[in-house]
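# Close look at the chain arrangement
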Amino acid sequence: MQATVRTFDPATRSGSVFLDNGTEIPFDAAAFDAGPLRLLRSGQRVNLVMDGDDVTYVTLSTFPVPR
């Protein structure tokens, strides 16, 4: 699933994204740390892996996601 970064706090490594339909979804440090990233900026496109309503993995849209 793709989304756009709304917020990211490097101190807590958590933030939120907007889905393409405008829904805002938060993600926590565990989801961010699961991927290879060190930083996110507002407006970046990302790929997400979801488990129900929870984001479990965040990475840039150009990087592969685990299957």
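Naming follows an unreviewed UniProt entry, where the protein appears as 2-phospho-L-lactate guanylyltransferase of Streptosporangium lutulentum.

So, on to the pattern of salt bridges. Applying the stated rule across the entire model yields three salt bridges. Glutamate 24 serves as the salt-bridge partner of arginine 6, at 3.3 Å between the closest nitrogen and oxygen. Of this pair, arginine 6 sits in strand β1 (residues 2-9) while glutamate 24 sits in strand β3 (residues 24-27); the two residues are 18 residues apart in sequence, bridging distant segments of the chain. Arginine 13 is the partner of aspartate 33 in a salt bridge, and the nearest nitrogen-oxygen pair spans 2.7 Å. A residue pair is termed long-range when its members are at least 10 positions apart, and aspartate 33 in helix α1 (residues 29-33) and arginine 13 in the loop between β1 and β2 (14-19) qualify at 20 residues. According to the relative accessible area criterion, arginine 13 is partly exposed, its value standing at 32%.

Conventions and cut-offs
- Residues numbered from 1 in each chain as written.
- Predicted model: local features only at pLDDT ≥ 70, side-chain atom pairs only at ≥ 80, totals over all residues.
- Heavy atoms only, no water.
- Salt bridge = Lys/Arg side-chain N within 4 Å of Asp/Glu carboxyl O.
- Helix = DSSP H or I, 4+ residues; strand = E, 2+ residues; numbered from the N terminus.
- Buried < 20%, exposed > 50% of the residue type's maximum accessible area, 1.4 Å probe, protein only.

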